[in-house]
2 protein chains.
Amino acid sequence: METEDCRVREVLDKVGDKWSVSVIGVLGRETRRFSEVKRAIPGISQRMLTVTLRALERDGLVTRTVYATVPPRVDYALTALGLTLLDSAWPLMNWALDHVGEIDKARDAYDRQRPEVPPQQP
Amino acid sequence: METEDCRVREVLDKVGDKWSVSVIGVLGRETRRFSEVKRAIPGISQRMLTVTLRALERDGLVTRTVYATVPPRVDYALTALGLTLLDSAWPLMNWALDHVGEIDKARDAYDRQRPEVPPQQP
DNA sequence: CCGTATCCATCCGGATACTG
DNA sequence: CAGTATCCGGATGGATACGG
């Protein structure tokens with residue numbers, strides 16, 4: 001947990017960035033079109049979906065298949081590598097699901113003790 | 001992977017942010033002083049270590065113990081909750097360690113195919 | 001030793017508009 | 001349908017200086 005650590009962090013950055021995990025989760029085990037992924041992820045903008053998918057493709061985590069049809073169609077899917085990432089990320093995602101409540105409670109307790117810059121009067 | 005997803009992402013944000021995982025990893029199973037943690041994480045600034053530790057404390061993941069000695073001394077340790085997070089994060093960290101090489105190769109291949117704005121001449 | 005305060009460059013990502 | 005281009009505000013985080 002020292003030398004190679006920065007490289008690990010670099011990978012964890014991807015996991016932590018705003019949309020990567022959602023995209024990987026949506027792709028899961030099935031191929032999806034651009035618009036399908038977009039619809040499956042509520043808040044995401046067209047731009048950010050493109051950016052995120054490009055980054056994942058660059059890292060060899062998803063494949064991009066373009067069909068020269070009209071209208072155009074582009075399919076995305078996890079690579080074998082992407083699937084192993086999804087599997088490895090599951091424990092953490094489950095942890096998050098299981099403990100969101102505890103974290104919320106801890107935050108509330110913390111914030112109640114330290115009323116951060118609360119009232120009026122300069 | 002849809003409704004509660006935003007809450008999960010909120011938690012994953014912490015994991016993905018620049019220093020949290022490193023700090024959690026350094027604390028591991030043992031109590032550490034502020035300066036010890038700082039020394040164990042090469043690039044981190046005093047400010048960011050403080051900010052990161054505060055956030056982790058707020059979320060109930062680490063405890064902060066102040067000793068009224070001279071010079072002052074502050075100990076940090078993972079809570080039980082923090083330990084479960086560390087355990088759940090292990091698979092992902094291992095995945096990162098194991099596949100950094102593959103990712104690098106994928107990137108190189110990708111970049112070679114698409115020489116992004118490479119040469120001179122405006 | 002362990003912070004907090006301030007300043008400031010950088011990046012991230014949303015909104016919008018336009019193409020093949 | 002599936003992008004790309006541009007603009008732009010806000011958050012992020014490093015450097016520095018100071019305080020208990």
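Small disclaimer: the values here were computed from a predicted structure and weren't measured.

Calculation notes
Residues numbered from 1 in each chain as written. Chains lettered and ligands numbered in written order. Predicted model: local features only at pLDDT ≥ 70, side-chain atom pairs only at ≥ 80, totals over all residues. Heavy atoms only, no water. Least-squares fit on C-alpha atoms with pLDDT ≥ 70 in both. Axes fitted to C-alpha atoms, helices over the stretch in contact; angles between N-to-C directions. Helix = DSSP H or I, 4+ residues; strand = E, 2+ residues; numbered from the N terminus. Parallel < 35°, antiparallel > 145°, perpendicular 65-115°, else oblique. Contact = heavy atoms within 4.5 Å. Nonpolar A, V, L, I, M, F, W, Y, C, P; charged D, E, K, R; others polar. Core = buried A, V, L, I, M, F, W, Y, C linked by side-chain atoms within 4.5 Å. Buried < 20%, exposed > 50% of the residue type's maximum accessible area, 1.4 Å probe, protein only. Near = heavy atom within 4 Å. Polar contact = N/O pair within 3.5 Å; in protein donor to acceptor, adjacent residues only side chain to side chain. Pairing = 2+ DSSP bridges. pLDDT = per-residue confidence, 0-100.

### Examining the relation of the copies chain A and chain B
Thought 1: Here chain A sits on chain B after a turn of 180° about the axis and a move of 0.0 Å along it, with an RMSD of 0.1 Å. This pairing of chains is accounted for by a two-fold axis. When each C-alpha of chain A is compared by its distance to the rotation axis, G16 of chain A comes out closest, at 1.7 Å.

### Overview of the packing of helix 4 (residues 46–58) of chain A against helix 5 (residues 80–113) of chain B
Thought 1: Remark: helix 4 of chain A packs on helix 5 of chain B, axes separated minimally by 8 Å, with the N-to-C direction vectors making an angle of 110°. In terms of orientation, helix 4 of chain A lies roughly perpendicular with respect to helix 5 of chain B. Contact residues: R54, E57 and R58 of chain A in helix 4 of chain A; A106, R107, Y110 and D111 of chain B in helix 5 of chain B.
Thought 2: A breakdown of the residues in the contact of helix 4 of chain A with helix 5 of chain B according to their chemical character gives two nonpolar, no polar and five charged.

### A closer look at the nonpolar core
Thought 1: In this structure, W95 of chain A together with W95 of chain B are the most contacted members of the largest nonpolar core, which totals 66 residues.
Thought 2: Not counting chain neighbours up to four residues away, the residues in contact with W95 of chain B comprise V11, L61, L81, T84, L85 and S88 of chain A together with I103 of chain B.

### Considerations on the protein's contact with DNA strand C
Thought 1: Around DNA strand C sit 18 residues, and of these K18 of chain A together with Q46, T50, R64 and Y76 of chain B come closest.
Thought 2: The sugar-phosphate backbone supplies 62% of the atoms of DNA strand C found within 4 Å of the protein.
Thought 3: Within the contact set of DNA strand C, a sugar or linking oxygen lies 3.3 Å away from a side-chain nitrogen or oxygen of R33 of chain B.
Thought 4: Residue R64 of chain B places a side-chain N or O atom 2.3 Å away from a phosphate oxygen belonging to DNA strand C.
Thought 5: Breaking the surface near DNA strand C down by element, the ones donating at least two residues are helix 4 of chain A together with helix 3 (34–40), helix 4 (46–58) and strand 3 (73–78) of chain B.
Thought 6: Per-element accounting of the surface near DNA strand C gives the leading share, four residues, to helix 4 of chain B.
Thought 7: Looking at side-chain class alone, the surface near DNA strand C contains eight nonpolar, four polar and six charged residues.

### A word on the sheet that holds strand 3 of chain B
All names here are of chain B.
Thought 1: Reading across from one edge, 1-3-2 is the order of the three strands in this open sheet, with antiparallel pairing throughout. The outermost strands of the open sheet, each flanked by one partner alone, are strand 1 (32–33) and strand 2 (62–67).
Thought 2: Running over the sheet, helix 2 (residues 20–27) touches strand 1, strand 2 and strand 3 and is turned about 95° from strand 3.

### Here's the deal with the side chain of K14 of chain B
Thought 1: Within the secondary structure layout, K14 of chain B lies in helix 1 (residues 5–16).
Thought 2: Taking relative accessible area as the criterion, K14 of chain B reaches 16% and is therefore assigned buried.
Thought 3: Setting aside anything within four residues of it in sequence, one finds K14 of chain B in contact with R107 of chain A together with S20, A55, L56 and D59 of chain B.

### Brief notes about the confidence of the model for chain A
Thought 1: Chain-level pLDDT for chain A is 89 on average; 89% of the residues reach the 70-or-more range.
Thought 2: Note on residues 118–122 of chain A: pLDDT is under 50 here. Beyond four places in sequence and across chains, it has zero contacts.

### A short note on the sheet that holds strand 2 (residues 62–67) of chain A
Residues and elements named next belong to chain A.
Thought 1: In spatial order, the strands read 1-3-2; together these three strands make up an open sheet with antiparallel pairing. Two strands in the sheet have a free side with no partner beyond their single neighbour: strand 1 (32–33) and strand 2.
Thought 2: Bridge count for strand 2 against strand 3 (residues 73–78) is six bridges, and the pairing is antiparallel. Among the inter-strand pairings, V62 is bridged to a residue of strand 3, identified as L78.
Thought 3: Sitting on the sheet, helix 2 (residues 20–27) is in contact with strand 1, strand 2 and strand 3, with an inclination near 95° to strand 3.

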